[in-house]
Amino acid sequence: MKALITGGAGFIGSHLAEYLLAGGHDVIALDNLATGSLDNLSAVSDHPRLRYISGSVLDEDLVDTLASQVDTIFHLAAAVGSFVIRDRTLASLRTNIHGTEHVLAAAHRHQVRVLIASSSEIYGKNTKIGLREDDDRVIGSPLLHRWSYSEAKAVDESLTRAYVTELDLRAVIVRLFNTVGPRQSGRYGMVIPRFVTQALAGEPLTVFGTGEQVRCFCHVLDVVPALVALVEHPEAYGTAVNVGSSEQVSIRELADRVLALTGSASGIVQMSYEEGIGPGYEDLQRRVPDCSRAHELIGFRPTRTLDDILRSVIAERSRPGLATAVS
Ligand code: UDP
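Below is a summary of the structure that appears in this document. (Residues numbered from 1 in each chain as written. Predicted model: local features only at pLDDT ≥ 70, side-chain atom pairs only at ≥ 80, totals over all residues. Heavy atoms only, no water.)

**Comments concerning the pattern of salt bridges**
Here's step 1: Under the criterion given, the structure shown has 17 salt bridges.
Here's step 2: When the shortest N-O distance is used, the salt bridge between R183 and E18 registers 2.6 Å. With a gap of 165 residues between them, R183 in the loop between strand 8 (179-180) and helix 6 (191-201) and E18 in helix 1 (residues 11-22) connect regions that are remote in the sequence.
Here's step 3: A salt bridge links D222 to R304; the nearest nitrogen and oxygen atoms lie 2.7 Å apart. Of the two residues, D222 sits in helix 7 (residues 220-231) while R304 sits in the loop between helix 10 (292-298) and helix 11 (306-318), which places them 82 residues apart along the sequence.
Here's step 4: Given a relative accessible area of 8%, D222 falls into the buried group.
Here's step 5: When salt bridges with common partners are traced through the structure, they connect E121, R146 and R287 into a single cluster. (Salt bridge = Lys/Arg side-chain N within 4 Å of Asp/Glu carboxyl O. Helix = DSSP H or I, 4+ residues; strand = E, 2+ residues; numbered from the N terminus. Buried < 20%, exposed > 50% of the residue type's maximum accessible area, 1.4 Å probe, protein only.)

The structure is reproduced here in structure tokens:
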């Protein structure tokens, strides 16, 4: 495979780059380092089959040139994280809509197969246990920045679907549920790196809302092989596939587990969403995927538990120089 990874220096992109290189593939990693970091690629920076390109998916000509050099695109570049969407709503919308348009158009021009990374945010406030790909979206007002990420990803999905049905593009949409693990930054709001960093720094863990909201966290190393298998699976083209864990945990229990596993005496501070994220934030009370489609298509089954995940993040963050501030 000759692969282009947009967002290749990001959290998921860098793990995918390592995985593809280890499998003997060639990788071009495109990143503008808005939230990614070259440190994420440090283990492979001298690899002869890796080319890093500094640039944005908003650069249509650059995307077109790179697409002409590969046979597969993993489009992971996006503005992500509740703090990013809150602070840079307009730029985030542009990146997440126009960036995807550029990737799809270039993939079509050069007859390249493509994986479009979408999100469980598509389902919005639908609290069904076991969300399936054809379940309804339950979304708040588009005037709230809170929902703009979900809206942009929905436009991306509709665009992708139209490219497949009308123009025969080979493209699969993957709806990633909470994906976590080493290298994920806490700077943009993600809860696990924030809690672990807070616990190791002896600061109270900031639980937003009641803490009864439920999430399922999947290790990035379980997600990455699924991305590769799905882009290689023609039956998946034109459809969306959930990828995530179904091990449920409340955020309060997550905080307790982080405290127990780090042995930290930090304690917990509960705060409103208004205090934690700012005005106008609506949270999702529960988000649990049904991944039977991914299982049927590619045998997807996460192997790492939440405790495995927390131990791997704690080990990474305990290394000198990495226990940085979360904000
Ligand atoms: N959260 C929290 N404290 C934090 C960061 C996040 O309680 O310091 C909560 C957040 O409100 C949400 C959950 O943890 O209910 C997961 O947040 P994250 O941003 O990691 O992912 P989301 O599921 O919201 O996309």
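Past the structure itself, the notes keep going.
**Details of helix 8 (residues 251-262)**
Here's step 1: Counted at 1.5 Å a residue, the expected span for helix 8 with its twelve residues is 16 Å, and the 16 Å between its end C-alpha atoms agrees.
Here's step 2: The complete set of buried residues in helix 8 reads I251, L254, A255, V258, L259 and T262. An end-on view of helix 8 places all buried positions within 135 degrees of arc, on one side of the element.
Here's step 3: Next to the buried residues of helix 8 lie helix 6, strand 9 (205-208), strand 10 (214-216), strand 13 (248-250), strand 14 (268-271) and helix 11.
Here's step 4: Of the residues flanking the end of helix 8, it is G263, one or two places downstream, whose phi is positive at about 65 degrees. (Expected span 1.5 Å × (residues − 1). Arc of directions from axis to C-beta. Contact = heavy atoms within 4.5 Å.)

**A few points about a negative patch on the surface**
Here's step 1: On the surface, a cluster of negative charge is made up of D59, E60, D61 and E101.
Here's step 2: Structurally, D61 is set in helix 2 (residues 60-67).
Here's step 3: We classify D61 as exposed; its relative accessible area is 61%. (Patch = residues over 30% accessible without salt bridge, like charges linked within 9 Å, V, L, I, M, F, W, Y side chains within 5 Å. Areas by Shrake-Rupley, 256 points an atom, 1.4 Å probe, with all protein chains shown as cover. Lys, Arg positive; Asp, Glu negative; His and termini not counted. Charge placed at Lys NZ, Arg CZ, Asp CG, Glu CD.)

**Let's talk about the side chain of D283**
Here's step 1: The residue D283 is located in the loop between helix 9 (273-276) and strand 15 (288-289) in this model.
Here's step 2: Using a relative accessible area of 13% as the deciding quantity, one classes D283 as buried.
Here's step 3: In this structure the side chain of D283 is engaged in a polar contact, spanning 3.4 Å, whose partner is the side chain of Q213.
Here's step 4: Ignoring anything within four residues of it in the chain, the contact list for D283 reads Q213, R215 and Y273. (Polar contact = N/O pair within 3.5 Å; in protein donor to acceptor, adjacent residues only side chain to side chain.)

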